[in-house]
Amino acid sequence: MEVCSLKEKMIEKERELELLNEAVDKIKNPKLPYILRVQQSILRAVDDYMYKNKITRMMPLMMAPITDTLNHSVEESALFYQGQEFDVMKSMIFHKQATLMNKGLEKIYIVSPNIRLESSERGDKRHLFEFTQVDFEFKEGTMEMVFEFMESLVRYVFEFIKKECTEEFKALGLTTDHLELKDTFKKYRTEELEEKYGEDFERIASEKATEPFWIINHKREFYDAEDLDNKGTYKNYDLIWPKGYVEGLSGGEREYKYDRIITRMREINQDEERFKDYIELAKRGELVKTAGAGFGVERMTRFICQLNQIDDATVFTRKPGKEKYIF
Ligand code: ASN
């Protein structure tokens with residue numbers, strides 16, 4: 001019995017050292033300095049682009065009484081401050097809507113760290129349980145406006161990277177072929193892709209594509225606007241990176257009218273109590289018409305650096321479902 005537990009202890013200790021070494025190897029990855037430099041260049045280009053287009057930058061919040069309800073379940077992440085329940089920020093969607101109540105603000109963005117305690121099934125190549133998204137929202141925004149804006153931002157970032165990151169690309173053994181954009185981004189609807197490729201349409205369409213493209217119409221969170229001319233369809237969209245790198249952005253036109261918000265919440269049994277104050281604002285007609293989106297910084301880095309998995313874009317692992325996290 002004792003021998004066995006001693007052996008078990010040794011195995012455990014060995015495993016712990018292995019995990020520690022893994023974390024050290026990750027930090028010491030010789031490619032990491034170049035990846036981080038490219039990521040810095042992406043953020044520099046994004047800020048530049050936003051500044052030139054007079055999109056006002058806000059600082060992020062990291063906890064709030066309400067946050068993104070998401071379209072999938074994640075582990076509970078409640079916090080308490082002075083007896084009030086907060087949640088870690090899953091996305092600043094409601095803060096973006098609320099900010100635009102200010103009459104002097106038209107277009108805003110946030111470089112926003114988000115925490116989503118994903119289940120281990122999401123320990124794949126594209127999820128992190130802590131990541132950063134560039135989250136933007138436009139007053140009187142429409143889908144078309146976001147398509148045009150984002151396409152032009154992507155082109156701006158790619159051109160900036162091609163100019164500024166030659167040394168990094170050389171060190172990473174990369175060409176810039178995947179950053180050459182010829183056509184305007186194609187637009188598909190979920191229903192047409194699903195008919196063509198079946199349930200796994202996003203991945204298959206991404207693998208077949210050589211340029212980024214849009215997928216419109218997803219049934220998901222209550223805050224994305226339903227298309228009232230075509231009930232049961234939605235004015236929301238994802239931008240898909242090509243060559244199998246899949247979703248890089250998601251967003252939509254928003255519900256902002258009281259009756260619409262309530263209808264949509266009831267359809268999915270959303271807890272209304274939690275959103276009582278938000279609902280009150282909608283009832284008073286304070287919420288305004290907006291559209292926006294958020295794109296993942298690490299996902300953009302992954303595509304631009306053609307990384308095998310998103311976790312390769314981070315210094316410390318945030319891949320869901322790991323046995324142990326050292327840092
Ligand atoms: N930021 C996204 C949006 O603007 C929402 C999300 O992160 N799920 O719609």
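The rules behind each value
- Residues numbered from 1 in each chain as written.
- Predicted model: local features only at pLDDT ≥ 70, side-chain atom pairs only at ≥ 80, totals over all residues.
- Heavy atoms only, no water.
- Phe/Tyr/Trp six-rings, centres within 6.5 Å; stacked < 30°, edge-to-face > 60°.
- Helix = DSSP H or I, 4+ residues; strand = E, 2+ residues; numbered from the N terminus.
- Buried < 20%, exposed > 50% of the residue type's maximum accessible area, 1.4 Å probe, protein only.
- 1 Å grid on protein atoms, 1.4 Å probe; cavity = no way out; pocket = protein on both sides within 12 Å on 5 of 7 lines; lining within 4 Å.
- Points joined across faces, edges and corners; volume = space filled by probe spheres on them.
- Nonpolar A, V, L, I, M, F, W, Y, C, P; charged D, E, K, R; others polar.
- Pairing = 2+ DSSP bridges.

- An unreviewed UniProt entry annotates the protein chain as Asparagine synthetase A of Clostridium oceanicum.

Some thoughts on the packing of aromatic side chains
Move 1: All told, the structure shown has 24 aromatic pairs when counted by the stated rule.
Move 2: With a centroid separation of 4.8 Å and 85° between ring planes, the pair formed by F138 and F149 is classed as edge-to-face. Of this pair, F138 sits in strand β6 (residues 130-139) while F149 sits in helix α4 (residues 143-164); the two residues are 11 residues apart in sequence, bridging distant segments of the chain. We note that F138, like F149, is buried.
Move 3: With a centroid separation of 6.1 Å and 25° between ring planes, the pair formed by F158 and W241 is classed as stacked. Within this pair, whereas F158 is found in helix α4, its partner W241 is found in strand β9 (residues 236-241), the two being separated by 83 residues in sequence. Of the two residues, F158 and W241, neither departs from the other in class, the shared state being buried.

Side note on the layout of surface pockets
Move 1: The volume enclosed by the largest pocket comes to roughly 1000 Å³.
Move 2: In terms of lining, the largest pocket is formed by 43 residues, of which the most central are R116, R220, D238, E247 and S250.
Move 3: Mapped by element, the contributors of at least two residues to the lining of the largest pocket are α3 (93-99), β6, α7 (201-208), β10 (246-253), β11 (290-296) and α10 (297-304).
Move 4: Of all the elements, β10 adds the most residues to the lining of the largest pocket, at six residues.
Move 5: Class assignment for the residues of the lining of the largest pocket results in 12 nonpolar, 11 polar and 20 charged.

Some points on the sheet that holds strand β2 (residues 63-64)
Move 1: Taken together, three strands build an open sheet; the order of strands is β2-β4-β3 and the sheet is antiparallel. Strand pairing shows two members of the sheet lacking a second neighbour, β2 and β3 (78-81), which therefore form its edges.
Move 2: Sheet topology note: the β2/strand β4 (residues 84-88) ladder contains two bridges and is antiparallel. Bridge assignment links M63 to a residue of β4, and that residue is V88.

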